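Listed here are the chains, written in short residue letters.
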Amino acid sequence: MRRKIAFGITVAMTVLLAVLNLELFSGLSLFGMNIHALSILLICLTLVAVAALCFTKSVPLTEPHGKWFSICGWMSTFCGAVMTMTVVLDLFFLLLYGEMPAPGVYPTGGFDYFLLYGTLALGVAGGIYLVLQGFRWMASKADCPVWLRWLALCPVLWMWFRLARYEISYASTLDIEENFFTFGALVFASLFFLQFARAIAHIGKEPKSSLPIFALMTALVTLSAAPASIARQAVGEPIGSMLIVVVDAVIGLTALFYAAMQVFSPAEAVKKAPTAPAVSHSQSTPDEEYADELSWGLPSKVQEPVEPPFSMDKMLPTLDIKPVEPARYPRAEATPTEAPKPVETAADVPASVSAPTPTVDELLNEIDTF
């Protein structure tokens, strides 16, 4: 119940801060504080409230199960795809136009280039990891192989490299009130991905309280700053700033759904360890027997074929009608016919019947007549 209250407070404060960050309230002042200082105060108060409500020592960490396999799988895949696409576009603009990804606009030295290319490489690797992890969840697989556990560190390192680039860029020299949401998103997202990697890899103490706390705070900071940041892109800011705002918002949305699983999953959901033995169907829990229609895996229990509800042969009445035998007619006897006589040719006439051969005198008399 306490975590549900914390989730509700986070959603309400996200909407409130998103409205306050718009240009309509840029000149608002309350208790002698401008809108930026008021937003920082509200975020700090929300952090204290969420930490107090989510702290626990008895409630175990909930892993994806049942319908949450598909929800977390789709969100992880979407987040990884957006992250990979953003990094690839940053690399494209860097090579083609020489435009540095946010927050740096001009390189400050060799270390800045090291952080830049490290950010690009780790961003691609982190996006691929999230896509692969999402595929496994959509296939209803809770275990994680060793090589995928190592890849879970890539999103963490990606956020750390981004934070290091922010610290050496000109943005860190500006007033903290104007860049608090950018700095807060880097800090809270780094902590969220770190606890997320610990929970996936099952390394160290289970983050029972820290994971939902940092997930909610990541969603609060990133989602509340997204509308105002996107609205500022119409003024002519570089496209790299737009891309990083979009990927941060998607990370915050993914963290919000993961926190919702920790808050709203049923209490009887059993956490499956990666080395747990197979459980028979007779002893499986309702969540393990649940076959989500969006899951990519095969159902755990093969259903026997079901007979059709009705059969047309059974519905129609049976008629006792004897078939009529076809009539048999006597076959007419064939009369023998005489074969036609062959036509006689000259070759068939015997030599005895042929005309007599003329003599020499007869031939001479015939010549004299001409």
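Everything numeric here is computed off the predicted structure, so don't read it as measured data. (Residues numbered from 1 in each chain as written. Predicted model: local features only at pLDDT ≥ 70, side-chain atom pairs only at ≥ 80, totals over all residues. Heavy atoms only, no water.)

Caption draft 1: A look at the overall build of the protein. If you tally the helices and strands in the protein, you get 12 helices and two strands. In sequence order, the protein lays out its α and β elements as α-β-β-α-α-α-α-α-α-α-α-α-α-α. Going through the 370 residues of the protein one by one, you find that 39% of them count as buried. Once local pairs closer than 6 in sequence are excluded, the contacts in the protein between residues at least 24 apart make up 80%. (Helix = DSSP H or I, 4+ residues; strand = E, 2+ residues; numbered from the N terminus. Buried < 20%, exposed > 50% of the residue type's maximum accessible area, 1.4 Å probe, protein only. Contact = heavy atoms within 4.5 Å.)

Caption draft 2: Looking closely at helix α6 (residues 153-168). Taking 1.5 Å per residue as the helical rise, α6 with its 16 residues ought to reach 22 Å, and the 23 Å between its terminal C-alpha atoms agrees with that figure. Among the residues making up α6, those that are buried are Cys154, Pro155, Val156, Trp158, Met159, Phe161, Arg162, Arg165 and Tyr166. (Expected span 1.5 Å × (residues − 1).)

Caption draft 3: Expanded view of the packing of aromatic side chains. Scanning the entire structure with this criterion turns up 12 aromatic pairs. Relative to Phe196, the ring of Trp137 has its centre 6.1 Å away and its plane inclined at 90 degrees; by these criteria the two rings are edge-to-face. Taken together, the residues span a long stretch of sequence, with Trp137 in helix α4 (residues 110-138) and Phe196 in helix α7 (residues 180-201) at a distance of 59 residues. For the pair formed by Trp137 and Phe196, the shared burial category is buried. Cluster of aromatic residues (ring-pair linked, three or more members): Trp137, Phe192, Phe193, Phe196 and Tyr258. Note that Arg162 overlies the ring of Trp158, its terminal NZ or CZ placed 5.0 Å from the centroid. (Phe/Tyr/Trp six-rings, centres within 6.5 Å; stacked < 30°, edge-to-face > 60°. Lys NZ or Arg CZ within 6 Å of the ring centre and 35° of its normal.)

Caption draft 4: Up close: unusual backbone geometry. Positive phi, normally seen in glycine, also occurs at Ser140, with a value near 60 degrees. As for its position among the elements, Ser140 is in the loop between α4 and α5 (146-151). With phi around 55 degrees, His202 is a residue other than glycine that occupies positive phi space. Relative to the assigned elements, His202 resides in the loop between α7 and α8 (210-232).

Caption draft 5: Just the nonpolar core, in detail. Core analysis: the largest hydrophobic core is formed by 72 residues, its most contacted members being Trp158, Phe192, Phe196 and Leu216. Of all elements in the fold, only α1 (2-20), α2 (35-54), α3 (68-97), α4, α6, α7, α8 and α9 (239-264) reach the threshold of two or more residues within this core. Apart from residues lying up to four places away in sequence, Leu216 is in contact with Ala6, Phe7, Thr10, Val50, Cys54, Leu256 and Ala259. (Core = buried A, V, L, I, M, F, W, Y, C linked by side-chain atoms within 4.5 Å.)

Caption draft 6: Quick peek at the side chain of Thr218. Residue position: Thr218 is located in helix α8. Of the residues examined, Thr218 reaches a relative accessible area of 1% and is grouped as buried. Not counting chain neighbours up to four residues away, the residues in contact with Thr218 comprise Phe188, Ala189, Phe192, Ile251, Gly252 and Ala255.

Caption draft 7: View of the environment of Ser265. Within the secondary structure layout, Ser265 lies in the loop between α9 and α10 (286-289). Ser265 sits in the buried class, given a relative accessible area of 12%. The spacing of Ser265 and Pro64 is 201 residues in sequence and 9.2 Å in space, taken between C-alpha atoms. For Ser265, the contacting residues outside a window of four places in its chain are Thr62, His65, Trp68 and Ala260.

Caption draft 8: Focus on the packing of α4 against α6. Orientation of α4 relative to α6, taken along the N-to-C sense of each, is 150 degrees, at an axis distance of 8 Å. Classified by the angle their axes make, α4 and α6 are roughly antiparallel. In the packing of α4 onto α6, the handedness of the crossing is left-handed. Listed contacts from α6 to Phe111, Asp112, Phe114, Leu115, Leu116, Gly118, Thr119, Leu122, Gly123, Ala125, Gly126 and Tyr129 of α4 are Cys154, Pro155, Leu157, Trp158, Phe161, Arg162, Ala164, Arg165 and Ile168. Here the residues of the contact of α4 with α6 sort into 14 nonpolar, four polar and three charged. (Axes fitted to C-alpha atoms, helices over the stretch in contact; angles between N-to-C directions. Parallel < 35°, antiparallel > 145°, perpendicular 65-115°, else oblique. Left-handed = near helix turned anticlockwise from the far one by under 90°. Nonpolar A, V, L, I, M, F, W, Y, C, P; charged D, E, K, R; others polar.)

Caption draft 9: Structural view of a nonpolar patch on the surface. A contiguous nonpolar surface patch, about 530 Å² in accessible area, is contributed by Val146, Trp150, Leu153, Leu157 and Trp160. Per-element accounting of the nonpolar patch gives the leading share, three residues, to α6. Mapped onto the secondary structure, Leu153 falls in helix α6. The exposure class assigned to Leu153 is partly exposed, which follows from its relative accessible area of 37%. (Patch = residues over 30% accessible without salt bridge, like charges linked within 9 Å, V, L, I, M, F, W, Y side chains within 5 Å. Areas by Shrake-Rupley, 256 points an atom, 1.4 Å probe, with all protein chains shown as cover. Salt bridge = Lys/Arg side-chain N within 4 Å of Asp/Glu carboxyl O.)

All quantities given are derived from atomic positions and should not be read as evidence of function.
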